[in-house]
Amino acid sequence: MREVDHFNGLNNHLKEGGFKGVYKARTGEAYDGCAMFWKDDLFTLLHQENIEFQNFGLRHNVAQLCVLKMNQNHLNSDVATKASRIPPTRSLVVGNIHVLFNPKRGDIKLGQMRLFLEKAHKLSQDWGNIPVVLAGDLNSMPQSALYQFLASSELDVQLHDRRKISRHVEYQSQHRAYIYQNEDASSSWVSRSRPLVHEWSNEELRLATGSDRVTRLQHHLKLCSAYPGIPGSYRTRDNYGEPLATSYHSEFMGTVDYIWHTEELVPVRVLETLPVDILRKTGGLPSKKWGSDHLALVCELAFADDGSSS
């Protein structure tokens, strides 16, 4: 969860349903933060760490990383006994991030994501190369360079305009009723024989890549976005297989929230988001019925070497 501003009350409520949770407040003057919850009878928290991006000159956003172990009584014992290659315990890294909103600061967005991925990968290695699940509000759209970085594991930042890294489209509600984030999808990742090279200052490169001498970003996690892994309806999905909209308010309708996972996991099913025509009837979120301007994303994942949906 992101933009959590009443963690104690939410935590007490979810405790009644058997959940445990951890919280990390944003730094600076903000009064909200990120929260993660898990079923206490299903998982045990082995390790927790937070990222305060201000410590790296990357604004006041934060991220969370937890190592969770599946409790033994919830593993598929039949599969485990039939296949000795399946370990007796299952652990995974789960990450949660809220990326900077400012569409013009693509250098900071990339820098935040770079650090998040680096720390998730290190945790995975430290705990025995365990699978990774990453979720969050990336404030970036599916045809963006930031999405491309996650999906392809690399990005030459000089091929992109810093002010358009997220492709986060805003509009004046009085002029346009709504906008789909995939209306320009066909032209977003087109390779050119003579690519346009954009100028980045040394400071912008340092924030984005960690060094003013590096222009190519890379990460070591082989990530897949969960929703494209399950076929969906044209009423709720875009050309990438992502939801058409995960956020809707007076100035924006589009997808900025995602669930990513490493290849050791496979999606079994997802919860479809509301169709755009239904969303429009709400007049914008939040509302009396819906307490957030974001829609929930839900995915059931299975271990790739296990025939069951663990």
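For the structure itself, look to the data block above.
In this text the structure is predicted, and so the values were computed from the model without any measurement.

Draft legend 1. Spatial organisation of the overall build of the protein chain. Assigned secondary structure in the protein chain consists of 6 helices and 14 strands. For the protein chain, with 310 residues in total, the buried portion stands at 47%. Considering only contacts in the protein chain between residues 6 or more positions apart, those separated by 24 or more positions represent 71%. About 15,800 Å² of surface is accessible on the protein chain, with carbon and sulfur atoms providing 48% of the total.

Draft legend 2. Region of interest: the packing of helix 3 (residues 106–126) against helix 5 (residues 202–209). Packing of helix 3 against helix 5 leaves a shortest axis separation of 6 Å and a crossing angle of 30°. Judged by the angle between their axes, helix 3 and helix 5 are roughly parallel. In this structure, helix 3 uses D107, I108, L110, G111 and R114 to contact helix 5, whose residues at the interface are E204, R206, L207, A208 and T209. Counted by class, the contact of helix 3 with helix 5 contains 4 nonpolar, 2 polar and 4 charged residues.

Draft legend 3. How the structure looks around unusual backbone geometry. For the bond running from L285 to P286, omega is 0°, close enough to zero to count as cis. Relative to the helices and strands, P286 resides in the loop between helix 6 (276–281) and strand 14 (299–303). A positive phi is found at R59, a non-glycine position, where the angle reads about 70°. For R59, the position within the fold is in the loop between strand 3 (43–52) and strand 4 (62–70). When its relative accessible area of 35% is taken as the criterion, R59 is described as partly exposed. Residues other than glycine seldom take positive phi values, yet S153 does so here, at roughly 75°. With respect to the secondary-structure elements, S153 resides in the loop between helix 4 (145–152) and strand 7 (154–156).

Draft legend 4. Region of the structure containing the environment of V99. Looking at the secondary structure, you find V99 in the loop between strand 5 (90–98) and helix 3. When the C-alpha atoms of V99 and R59 are compared, they prove to be 9.8 Å apart, with 40 residues separating the residues in sequence. Aside from chain neighbours lying at most four places away, what touches V99 is N61, K109, Q112, M113, D137, L138 and N139.

Draft legend 5. Local environment of the environment of I108. Structurally, I108 can be placed in helix 3. I108 gets classed as buried once you look at its relative accessible area, which sits at 2%. Spatially, the C-alpha atom of I108 lies 9.3 Å from that of R162, the residues being 54 residues apart in sequence. Those residues in contact with I108 that sit more than four places away from it in its chain are L58, R59, L100 and L207.

Draft legend 6. Fine view of the packing of helix 3 against helix 4. In contact at an axis separation of 10 Å, helix 3 and helix 4 are set at 20° when each is read in the N-to-C sense. Our classification of the angle between helix 3 and helix 4 gives roughly parallel. Where helix 3 crosses over helix 4, the handedness of that crossing is right-handed. The segment helix 3 lies against helix 4, with K109, L110, M113, R114 and L117 engaging L146, F149 and L150. When its residues are assigned to classes, the contact of helix 3 with helix 4 shows 6 nonpolar, no polar and 2 charged.

Draft legend 7. Expanded view of the environment of K69. Here K69 lies in strand 4. Residue class for K69 comes out partly exposed when judged on its relative accessible area of 28%. Sequence-distant contacts of K69, defined by excluding residues within four places in its chain, comprise L42, F43, T44, L46, T89, R90 and S91.

Draft legend 8. Summary view of helix 5. Taken together, the buried positions of helix 5 are occupied by E204, L205, L207, A208 and T209. Contact partners of the buried residues in helix 5: helix 3 and strand 8 (216–218). G210 sits one or two residues past helix 5 and shows a positive phi near 95°.

Draft legend 9. Representation of the side chain of N71 in the model. On the secondary structure map, N71 appears in the loop between strand 4 and helix 2 (77–82). A polar side-chain atom of N71 sits 3.3 Å from the main-chain carbonyl oxygen of D40. Ignoring anything within four residues of it in the chain, the contact list for N71 reads D40, D41, L42, F43 and T44.

Draft legend 10. Looking closely at the pattern of salt bridges. Under the defined criterion, the tally for this structure stands at 14 salt bridges. For the salt bridge of E52 with K24, the shortest nitrogen-to-oxygen distance reads 2.4 Å. One end of the pair, E52, is in strand 3; the other, K24, is in strand 1 (residues 19–25), with 28 residues separating them in the sequence. In this structure E52 comes out as partly exposed when scored by relative accessible area, which is 22%. Close ionic contact of E204 with R162 constitutes a salt bridge, the shortest N to O distance being 3.0 Å.

Rules used in this analysis
- Residues numbered from 1 in each chain as written.
- Predicted model: local features only at pLDDT ≥ 70, side-chain atom pairs only at ≥ 80, totals over all residues.
- Heavy atoms only, no water.
- Helix = DSSP H or I, 4+ residues; strand = E, 2+ residues; numbered from the N terminus.
- Buried < 20%, exposed > 50% of the residue type's maximum accessible area, 1.4 Å probe, protein only.
- Contact = heavy atoms within 4.5 Å.
- Areas by Shrake-Rupley, 256 points an atom, 1.4 Å probe, with all protein chains shown as cover.
- Axes fitted to C-alpha atoms, helices over the stretch in contact; angles between N-to-C directions.
- Parallel < 35°, antiparallel > 145°, perpendicular 65-115°, else oblique.
- Nonpolar A, V, L, I, M, F, W, Y, C, P; charged D, E, K, R; others polar.
- Left-handed = near helix turned anticlockwise from the far one by under 90°.
- Polar contact = N/O pair within 3.5 Å; in protein donor to acceptor, adjacent residues only side chain to side chain.
- Salt bridge = Lys/Arg side-chain N within 4 Å of Asp/Glu carboxyl O.

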